[in-house]
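Coordinate analysis (summary)
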Amino acid sequence: MLAMAKRKQWNPKAMVEAVKAVRKKEIGYKTAAKTFQFPRATLKYYVPNPH
């Protein structure tokens, strides 16, 4: 049986900073994801949905 891959943990403070930067249009999704080291899909989820 195949084991499920473990999810990578990312820094919540970094996510907040990345979301702020993208919302202010200072940087794009791809640049923010690379700079703050988390998946672009995760960032795309958090930018329009305030949590």
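Please read these numbers as outputs of a predicted model, since none were measured by experiment.

What counts, and where the lines are drawn
Residues numbered from 1 in each chain as written. Predicted model: local features only at pLDDT ≥ 70, side-chain atom pairs only at ≥ 80, totals over all residues. Heavy atoms only, no water. Helix = DSSP H or I, 4+ residues; strand = E, 2+ residues; numbered from the N terminus. Buried < 20%, exposed > 50% of the residue type's maximum accessible area, 1.4 Å probe, protein only. UniProt positions renumbered as here; feature names shortened; annotations may be inferred. Core = buried A, V, L, I, M, F, W, Y, C linked by side-chain atoms within 4.5 Å. Patch = residues over 30% accessible without salt bridge, like charges linked within 9 Å, V, L, I, M, F, W, Y side chains within 5 Å. Areas by Shrake-Rupley, 256 points an atom, 1.4 Å probe, with all protein chains shown as cover. Salt bridge = Lys/Arg side-chain N within 4 Å of Asp/Glu carboxyl O. Lys, Arg positive; Asp, Glu negative; His and termini not counted. Charge placed at Lys NZ, Arg CZ, Asp CG, Glu CD. Phe/Tyr/Trp six-rings, centres within 6.5 Å; stacked < 30°, edge-to-face > 60°. Lys NZ or Arg CZ within 6 Å of the ring centre and 35° of its normal.

If you trace the backbone, Met 4 turns up in the segment before α1 (12–23). For Met 4, a relative accessible area of 80% puts it in the exposed group. Along the sequence, Met 4 and Ala 33 sit 29 residues apart, while their C-alpha atoms lie 24 Å from each other.

According to UniProt, the positions carrying the feature "DNA-binding region" (unreviewed entry) are residues 29–49. Strand forms 0% of residues 29–49 and helix 71%; the C-alpha atoms that close the span are 15 Å apart.

Within the largest apolar cluster, nine residues are counted, these being Ala 14, Met 15, Ala 18, Val 19, Val 22, Ala 32, Phe 38, Leu 43 and Val 47. Among the elements that line this core, the one with the most residues is α1, at five residues.

Taken together, Lys 30, Lys 34, Arg 40 and Lys 44 make up a surface patch of like positive charges. Of all the secondary structure elements, the ones that give two or more residues to the positive patch are α2 (29–36) and α3 (40–46). Inspection of the secondary structure puts Lys 44 in helix α3.

Let's shift gears to the packing of aromatic side chains. Two descriptors summarise a pair of aromatic rings, namely the distance from one centre to the other and the angle between the planes of the rings. Taken as a whole and assessed by the stated rule, the structure comprises four aromatic pairs. Both rings, one in Trp 10 and one in Phe 38, keep their centres 6.0 Å apart while their planes meet at 50 degrees; by these two values the pair is tilted. Of this pair, Trp 10 sits in the segment before α1 while Phe 38 sits in the loop between α2 and α3, and the two are 28 residues apart along the sequence. Given a relative accessible area of 28%, Trp 10 falls into the partly exposed group. Given a relative accessible area of 6%, Phe 38 falls into the buried group. The ring of Tyr 29 has Lys 44 sitting right over it, with the charged end atom 5.6 Å from the ring centre.

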